[in-house]
Structures are given as structure tokens and as C-alpha cells.
2 protein chains.
Amino acid sequence: MATPPAETRERLLDAAELAFAQEGIQQASLRTITAAAQANLAAVNYHFGSKDGLIREVLQRLVGPINAERLQRVSDAEAKYADKIVPLEELLRHFLEPTLQMFASGRSHIPTLISRFHHETSPAVAETMAAVLEPVVGRFLQALMRSVPSLTIERALLRGQFMVGALLETLSLNPEVLKLMQPAGVDSLPRLNMLDELVTFCAAGFRHE
Amino acid sequence: MATPPAETRERLLDAAELAFAQEGIQQASLRTITAAAQANLAAVNYHFGSKDGLIREVLQRLVGPINAERLQRVSDAEAKYADKIVPLEELLRHFLEPTLQMFASGRSHIPTLISRFHHETSPAVAETMAAVLEPVVGRFLQALMRSVPSLTIERALLRGQFMVGALLETLSLNPEVLKLMQPAGVDSLPRLNMLDELVTFCAAGFRHE
DNA sequence: GACAAATTCAAACAGTCGTTTCATACTATC
DNA sequence: GATAGTATGAAACGACTGTTTGAATTTGTC
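Conventions we followed
Residues numbered from 1 in each chain as written. Chains lettered and ligands numbered in written order. Predicted model: local features only at pLDDT ≥ 70, side-chain atom pairs only at ≥ 80, totals over all residues. Heavy atoms only, no water. Helix = DSSP H or I, 4+ residues; strand = E, 2+ residues; numbered from the N terminus. Contact = heavy atoms within 4.5 Å. Axes fitted to C-alpha atoms, helices over the stretch in contact; angles between N-to-C directions. Parallel < 35°, antiparallel > 145°, perpendicular 65-115°, else oblique. Left-handed = near helix turned anticlockwise from the far one by under 90°. Near = heavy atom within 4 Å. Polar contact = N/O pair within 3.5 Å; in protein donor to acceptor, adjacent residues only side chain to side chain. Nonpolar A, V, L, I, M, F, W, Y, C, P; charged D, E, K, R; others polar. Phe/Tyr/Trp six-rings, centres within 6.5 Å; stacked < 30°, edge-to-face > 60°. Buried < 20%, exposed > 50% of the residue type's maximum accessible area, 1.4 Å probe, protein only. Lys NZ or Arg CZ within 6 Å of the ring centre and 35° of its normal. Core = buried A, V, L, I, M, F, W, Y, C linked by side-chain atoms within 4.5 Å. Buried area = accessible area lost by both parts, 1.4 Å probe. Salt bridge = Lys/Arg side-chain N within 4 Å of Asp/Glu carboxyl O. Least-squares fit on C-alpha atoms with pLDDT ≥ 70 in both.

Visitor: How should the environment of A:Leu133 be read in this particular structure?
Guide: All names here are of chain A. Along the chain, Leu133 falls in helix H7 (residues 123–147). It is 9.2 Å that separates the C-alpha atoms of Leu133 and Gly64, two residues lying 69 residues apart in sequence. In this structure Leu133 touches Asn67, Arg70 and His118, once residues within four positions along its chain are discounted.

Written out as C-alpha cells, the structure is:
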């Protein structure tokens, strides 16, 4: 009774999350994962059907809540500003912060894993990723063009890609570089700085011309 | 006599370049590569010692000339402006263009491969990459702080990372997104647009505050 | 406690991987 | 033309991969 059947599933997801981040999604073996989860090798195929099934589940469990929060924040902001426009900086913050919060989540491997998922080209990941991101991209694009009326749709799309690239590069940043950003000693502050830096950099880029 | 011993080496490098881009650096197998190069399976170990040796050689052959051109361009620009400062936009262009030129190189897989090398975390790639990039980063950082005097070293480093991220995201851009950027029909023009877009976006970000 | 469903387990399957071996072919130099 | 050095060839090695099997065990229900 202490361990309902769902527990093995979640131990597997946790172990896979860590192994994917440390070794790479394709490189991490089921034997490594199941050993870390203290589960049997066959458990992955039993619970998720295949390794791809496990990958998809890890991906959705990770980015699902992040994107849900993004959508919620945009809706709240648009409601708050009624029929006035949402300031660009605030809009960007609602897109970037849910991801950057992962730095302070206590699970320090998460930012790396998010970056890995974004750059993974295998069909299992790419298709799931596209499906999960599609509504968020659409929502933010139209909000963006309201916040910066001079923006054409092509430019909004392209600069959105630039912003995502800058964000992902931040997620996979070398810890040494990260150390540069904090007064030393504190460990949760630099992320806020990172968010501000990213917002001002991108906002300036979005507004140009 | 028609085929000196160096030819197999280069066929292997070419085949590896393509396979690494298409399938991933770790995922591409030596059997796939040697078959495409019409060489024997053992040829890789004979010419490069190991798969890691092949990877390192492909990496250096690819990014070596790019970074050499970057350094040359900065030197030329600084000579041209004598003791005056190099305009920020021009400086960024000297950093970005050598990479973006790969879109027009006729080898359409190269941008993807550059992106893969940047995000690869295996020691063989990460160490070689760091060694190759180090002089370029140092050179551009100090030039950057001359072009934008208000910039602190931490900000210059961080915003440099943002720019690299935006560049890499552009390199791995979905062809569908790329199609949005051109009037249709032409195939070499959109890259120039991409360069201009990237330069203005980043220049605005670098200058802010 | 008996029954049925869900879960775990050890073991093996078939396949792929990078690497090595050693024999064969080529290519220069004398 | 024999010889040394370079390159290619077919084949096998051992180690790993994801997946499957079928029996053993645990779990929830009556």
C-alpha cells in the first residue's frame, strides 16, 4: 500500500529526465535509466510501450506545465490591460519566465534537458515538440504584433526565433559563465538577472525600426 | 596515380559531414559513413585513429576557416578605422556573416551541422569546440567593448551568448520558416536578409541602456 | 482464502556499434 | 624487378542496444 503502481512509472520518468539531461536523449540507455530508478529493464516497455514512448512522456510532463503557465499569463495580462495593449517587456517576460524559473526549481538538470529537447531532431521528439509548442507560438505571435504594431508577421516570426535561440543558449550556459552574473554567495538571484537581461535585449531587438 | 592516398581521407570527411548533419554526430554509424564514402569500414580507424578522431577532424575542417575569416575581418576592420572605433553593426556583421555564408555554399547541410557541433556535449566535441572558439571570443569581446563603451564585461559576455543563440537557432531553422523570408523563386537571397535581420536585432540589444 | 488482473522479474533475442586482426593489394624507391 | 611502406580488404571480436518472452509475484475484489 505504501507504493501504489504509479510510483514505478514516476521513478522511471524522474530517472529518465536526469539521464536524458546528463547523457543525451538518444545516448541514455534503458539499462542506465531502469537501474537508477531501481526498476526492472522491462519496466519501460511495460509502462510506456517503447523508449520513444518514455521520451514523449518525459517531454510532455516537462514542457506541458511550462506552456500552460505561458498561456495563462498571457490571458491574465490581456485581461488586466483590457483593450489596451500589453507592454512588450511584460509580454516577453510572460514567455521567458516560466522556462527560466526552472533554474530555481532545485532540479538543476532541467534547463539542460529543455535545451536538448529543443535541438533533438528525431521524429518522436520533433513531432511532440511541434504539437506542444504550436498553440503557444500562435498566441504569442498575435500578442506580439499587438504590442509592437509596426511589426510585420515575417519579422515577428523571425525575431521570435532569435529570442528562442537566445533563451535556449541561456539554458545550456556554462556554469562558469553563470557565475559571472551573480555577486557570489547567493544562488537563486542570478536567474532574475538573467531574465531581466534577456527581456531588455530582446525587447530592444523587437522594437527596432 | 589518379587517386593519391589523401583522396579516401577526404571522401570520408565529406561523407561524415553529411551523415553527421543528417543523423546526428553520435548517431551516425561508421558503417553508414564508410559505405557512403565507398571505403572500407576499417578506413576510419586507419586514417583517424577512432570515431572521435574523425569527429574532431570534421569539426576543425569546418569551423577552422570560418573562424580564421572572422579574425581576418576584425583585423581588417580595425585597420580600416585606424584608432577610431568600428561601428557596432559592422563588427557584428564580421562575426555573423562567415557562418551565415554557409547557407549559400551549395552544401545545404552545413548550417545544421554547425548547430549540432555547438550543442554537442560529448568531450571530444566540446573540448575541440572550446579550443577553436576561444581566440575568436576573446577578440570579439574586446572589440565589442570598444564599439559600445557603456558595456560592462559581464553584459558583453552575456549578450554575446544571446547573439550566438540567435545565430544558432537561425542555422537550424525549419526550411518552412525560411521560405517565409523570401519572395519565392529565388534561393540565395534570403540569407542576406537573414544577416541584416540578425545584425539589426542584436545591435539594438547590445546598445540598450 | 480464492480468483483475476496488474506488475515485476530474470533471461534471452536479434541487431548494431566501434574496434581489431591479419592477409592482400598497391605504390613508391632503389 | 625485388623490397619496404602505405593503404585497402573481409571477417570477426566483444560489448552494447531496445525489445520480447514467459514465469513468478504482488495487488485489488469478491
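Visitor: Before we go on, may I ask you to explain the packing of helix H8 (residues 153–171) of chain A against helix H8 (residues 153–171) of chain B in this structure?
Guide: If you want to describe how two helices pack, look at the angle between their axes and the distance between the axes. Packing of H8(A) against H8(B) brings their axes to within 7 Å, and their N-to-C directions diverge by 120°. One way to sum up the angle between H8(A) and H8(B) is to call them oblique. In this structure, the crossing between H8(A) and H8(B) has a hand that is right-handed. Only B:Gln161, B:Phe162, B:Val164, B:Gly165, B:Ala166, B:Leu168, B:Glu169 and B:Thr170 of H8(B) make contact with H8(A), whose side of the interface consists of A:Gln161, A:Phe162, A:Val164, A:Gly165, A:Ala166, A:Leu168, A:Glu169 and A:Thr170.

Visitor: What exactly am I supposed to notice about the protein's contact with DNA strand D here?
Guide: The full set close to DNA strand D counts 16 residues, and A:Ser29, A:Lys51, B:Thr8, B:Tyr46 and B:His47 are the nearest of them. Within the side chain of A:Arg31, a nitrogen or oxygen atom sits 2.9 Å from a base oxygen of DNA strand D. Side-chain polar atom of B:Thr8 to a phosphate oxygen of DNA strand D: 2.4 Å apart, as the coordinates give it. Residue assignment for the surface near DNA strand D shows that the elements contributing at least two residues are helix H2 (30–36) of chain A together with helix H3 (43–48) of chain B. For the surface near DNA strand D, the per-class residue count stands at seven nonpolar, six polar and three charged.

Visitor: Please clarify how the packing of aromatic side chains should be interpreted in this entry.
Guide: Each aromatic ring pair is described using two quantities: the centre-to-centre distance and the angle formed by the ring planes. Overall, the coordinates contain seven aromatic pairs over all chains when judged by the stated rule. Plain terms: the ring middles of A:Phe201 and B:Phe206 are 5.9 Å apart, the flat faces sit at 85° to each other, and that makes the pair edge-to-face. Of the two residues, A:Phe201 sits in helix H10 (residues 189–207) while B:Phe206 sits in helix H10 (residues 189–207), which places them in two different chains. In terms of burial, A:Phe201 and B:Phe206 fall into one category: buried. Taken together, A:Phe162, A:Phe201, A:Phe206, B:Phe162, B:Phe201 and B:Phe206 form an aromatic cluster joined through their ring pairs. When the ring centre of A:Phe95 is taken as reference, the NZ or CZ atom of A:Arg70 above it lies at 4.0 Å.

Visitor: How should the nonpolar core be read in this particular structure?
Guide: Judged by nonpolar contacts, the single largest core of 134 residues is most densely connected at A:Phe20, A:Leu54, A:Phe117, B:Phe20, B:Leu54 and B:Phe117. The residues touching A:Phe117, leaving out its near neighbours within four places in the chain, are A:Ile25, A:Ile55, A:Val58, A:Leu59, A:Leu62, A:Val125 and A:Met129.

Visitor: Would you take a moment to explain the protein's contact with DNA strand C for this structure?
Guide: In the vicinity of DNA strand C there are 17 residues, among which A:Thr8, A:His47, B:Leu30, B:Arg31 and B:Lys51 approach most closely. Considering DNA strand C, the proportion of its atoms within 4 Å of the protein that are sugar or phosphate atoms stands at 52%. For DNA strand C, a phosphate oxygen lies 2.8 Å from a polar atom in the side chain of A:His47. In the environment of DNA strand C, a base oxygen lies 2.7 Å from a nitrogen or oxygen atom belonging to the side chain of B:Arg31. Here the surface near DNA strand C is built from residues that sort into eight nonpolar, six polar and three charged.

Visitor: Is there a simple way to think about the packing of helix H4 (residues 51–80) of chain B against helix H5 (residues 88–100) of chain B in this case?
Guide: Residue and element names in this part refer to chain B. Direction vectors running N to C along H4 and H5 enclose 160°, while the axes themselves pass 8 Å from each other. Put simply, H4 runs roughly antiparallel to H5. Relative to H5, the crossing made by H4 is right-handed. Where H4 approaches H5, its residues Ile66, Glu69, Arg70, Arg73, Val74, Ala77 and Lys80 are matched on the opposing element by Glu90, Leu91, Arg93, His94, Phe95, Glu97, Pro98 and Thr99. Of the residues that constitute the contact of H4 with H5, the class distribution is six nonpolar, two polar and seven charged.

Visitor: Even after reading the chapter, I still don't get the interface of chain B and chain A, so can you show me in this structure?
Guide: How large an interface is tends to be reported as the accessible area lost when its parts come together. In this complex, chain B contributes 33 residues to the contact, which on the side of chain A involves 33 residues. For the pair chain B and chain A, the summed buried area comes to about 3,100 Å², and 68% of that belongs to carbon and sulfur atoms. At the surface where chain B touches chain A, the tally comes to three salt bridges. Between A:Glu197 and B:Arg159 there is a salt bridge, with its nearest N and O atoms 4.0 Å apart. Scanning the region where chain B abuts chain A turns up five residue pairs in polar contact (both at pLDDT 80 or more). Among the secondary structure elements, those contributing two or more residues to the side of chain B that touches chain A are helix H6 (110–119), H8 and H10 of chain B. Ranked by residues supplied to the side of chain B that touches chain A, first place goes to H8(B) with 14 residues. In terms of residue class, the side of chain B that touches chain A is built from 17 nonpolar, ten polar and six charged.

Visitor: How should the relation of the copies chain B and chain A be read in this particular structure?
Guide: Two copies of a chain can be linked by a rotation about an axis combined with a shift along that same axis. With an RMSD of 0.0 Å, the fit of chain B onto chain A corresponds to turning through 180° and sliding 0.0 Å along the axis. Look at the turn and shift together and you get a two-fold axis relating the two. For chain B, the residue whose C-alpha comes nearest the rotation axis is B:Gly165, separated from it by 2.2 Å. Counting the interface residues of chain B, we find that 100% of their copies in chain A are interface residues as well, pointing to one common contact surface.

Visitor: Got a minute to help me understand the pattern of salt bridges in this structure?
Guide: If the charged atoms of two oppositely charged side chains come close together, the side chains can form a pair. This model, assessed by the stated rule, comprises 29 salt bridges over all chains. Two residues, B:Glu69 and B:Arg73, come together in a salt bridge whose shortest N-O distance is 3.2 Å. Here B:Arg73 and B:Glu69 lie together in helix H4, a separation of four residues that amounts to about one turn. Residue B:Arg73 is classed as buried on the basis of its relative accessible area, which comes to 18%. Among the charged side chains, a salt-bridge network with shared partners connects A:Asp14, A:Glu17, A:Arg61 and A:Arg107.

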